[in-house]
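Breakdown of the fold
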Amino acid sequence: MFRIMNNSQTLTTVTLCSNRSNYEASSLFLQHIWDFILSHQDIIRSPFYPVLYSFTVYLAFCIPYLILDAVAPVILALKRCQVQPRGARPTLAMVMHCLAHTVYSHLVFIFPVTVAYWYWRPVHLPRVAPELHRLILDVVACLLLFDFQYFVWHVLHHKIPWLYKTFHKMHHKYTSTFALATQYSSAWEMMSLGFFAGVSPIVLGCHPMTEMAFFVVNIYLSVEDHCGYDFPWSTHRLIPFGLCGGPGHHDLHHEKFVSNYAPYFTHWDKLFNTLAQKSATKGKSKDT
């Protein structure tokens, strides 16, 4: 009897030690990343950093999809992954037009706002990195909060004709979306979404590293929604139970204009009966 208890205690001790080792390893991994970030804090504390960070991350996610657009006409496998198989992919003129608009918006509108934000809220960089599980939970919480904020904003700008024509219509110029169309929108819309993205980590009291991670994930999901491709590894296919909409979900919004208002998740559209899906058999859209 003593031997069995001893083995059990030994097994429990080994398990606890293993879990503790895994926890310490993950925390140490984040700390190494955070230490590297802190080593460049002179850049991070610059008033130019926020706009350069967002613009660089945005282009980094757009470029791979633009390359796919360039080679899609000769690669059959890519054509099969297109959300709109018969839809024309962007021309060079469309790409340059959207890129020029994005640069203009960042310089004229976003940069002054981020400088004001930098002045109002001085950069605080703690020495210790967040715990891994806390970073993940906070990023998910920020996404959920942003999703709700944008859903309300989006519905209002579709239901009120003046708001739609004045501020949101510009974003619907392209009914067959592509990566750089993500930020092809009015200054009011870009600043509104930037405000939602900036205020969510503040409201939730997130670590600066979590805030950076949220911005990266948020920008990636936005680009993926507009990329025009539905790959087997797309985010909505990796998350079960249809919780995420994905590129097809948002592309259908650009096609129909009257459904799928939430940017990432599907629960608000389900709750308010504004969810629509494409029929797998006929390739046509249908409300659910």
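In every chain, residue numbers begin from 1 and rise along the written sequence. Local features in a predicted model are, by the rule used here, given only for residues with pLDDT of at least 70; side-chain atom pairs are given and counted only at 80 or more, and totals for whole chains, interfaces and linings are based on all residues. To get the side-chain values, all heavy atoms of the structure are used, and hydrogens and water are removed first.

The protein chain has the name Cholesterol 25-hydroxylase in an unreviewed UniProt entry, where Pelobates cultripes is given as its organism. UniProt positions are given in the numbering used here, feature names are shortened, and annotations may be inferred rather than shown by experiment. Of the protein chain, the UniProt comment under Subcellular location (unreviewed entry) reads exactly: "Membrane".

Let us look at the overall build of the protein chain. Think of it this way: any DSSP run of H or I at least four residues long counts as a helix, any run of E at least two long counts as a strand, and we number them from the N terminus. Scanning the protein chain from N- to C-terminus turns up 12 helices and 2 strands. Classification of residues uses two cut-offs on accessible area relative to the type maximum, computed with a 1.4 Å probe and protein chains only: under 20% is buried, over 50% is exposed, and between them is partly exposed. In the protein chain, which comprises 288 residues, the proportion classed as buried is 44%. In the protein chain, of all internal contacts separated by at least 6 residues, the share reaching a separation of at least 24 is 71%. Carbon and sulfur atoms make up 70% of the accessible area of the protein chain, which totals about 16,200 Å². By the convention used here, residues are in contact when the closest approach between their heavy atoms is within 4.5 Å. For the accessible areas, the method is Shrake-Rupley and the probe is 1.4 Å, while residue cover comes only from the protein chains on display.

All axes are obtained by fitting lines to C-alpha atoms, using only the stretch in contact for helices, and the reported angles, taken between N-to-C directions, cover 0 to 180 degrees. Following both chains from N to C, one finds helix 9 (residues 208-226) and helix 11 (residues 247-256) inclined at 60 degrees, their axes separated by 7 Å at the closest point. Helix-helix and strand crossings are classified by hand; for helix 9 and helix 11 the assignment is right-handed. Across from E224, D225 and H226 in helix 9, the residues of helix 11 making contact are P247, H250, D251 and H254. Crossings are classed by handedness, with left-handed meaning an anticlockwise turn of the near helix from the far one by less than a right angle and right-handed meaning a clockwise turn.

Attention now moves to the UniProt feature "transmembrane region" (unreviewed entry) in the protein chain. If you check UniProt for "transmembrane region" (unreviewed entry), the listed places come out as residues 55-78, 99-120 and 132-156 in our numbering. Secondary structure within residues 132-156 divides into 100% helix and 0% strand; the distance between the first and last C-alpha atoms comes to 37 Å.

The next thing to look at is the pattern of salt bridges. For salt bridges, the criterion is a side-chain nitrogen of Lys or Arg within 4 Å of an Asp or Glu carboxyl oxygen. This model, assessed by the stated rule, comprises 2 salt bridges. The shortest N-O distance in the salt bridge between R134 and D138 comes to 3.3 Å. With R134 and D138 both in helix 6 (residues 132-159), this residue pair falls 4 residues apart, about one helical turn. Assessed through its relative accessible area of 8%, D138 is described here as buried. Two residues, R237 and D230, come together in a salt bridge whose shortest N-O distance is 3.0 Å.

With that settled, consider unusual backbone geometry. Here the phi dihedral of F241 falls at roughly 65 degrees; this positive angle occurs in a residue that is not glycine. With respect to the secondary-structure elements, F241 resides in the loop between helix 10 (235-238) and helix 11. F241 gets classed as exposed once you look at its relative accessible area, which sits at 74%. Residues other than glycine seldom take positive phi values, yet N260 does so here, at roughly 55 degrees. Inspection of the secondary structure assignment puts N260 in the loop between helix 11 and helix 12 (267-271).

A few words now on helix 3 (residues 49-71). An expected span of 1.5 Å times one less than the residue number is assigned to each helix. Along its 23 residues, helix 3 runs 34 Å from first to last C-alpha, staying within 8% of the 33 Å computed at 1.5 Å per residue. Along helix 3, the residues classified as buried are Y49, V51, Y53, F55, V57, Y58, C62, Y65 and D69. Its buried side turned inward, helix 3 meets helix 2 (41-44), helix 5 (92-120) and helix 9.

On to a nonpolar patch on the surface, then. Residues enter patches when they are more than 30% accessible in relative terms and free of salt bridges; like-charged ones are connected within 9 Å and nonpolar ones (Val, Leu, Ile, Met, Phe, Trp, Tyr) within 5 Å. Taken together, the side chains of F148, V152, L156, I160 and W162 make up a nonpolar region of the molecular surface, amounting to roughly 460 Å² of accessible area. A per-element tally of the nonpolar patch places helix 6 first, with 3 residues. Given a relative accessible area of 37%, V152 falls into the partly exposed group.

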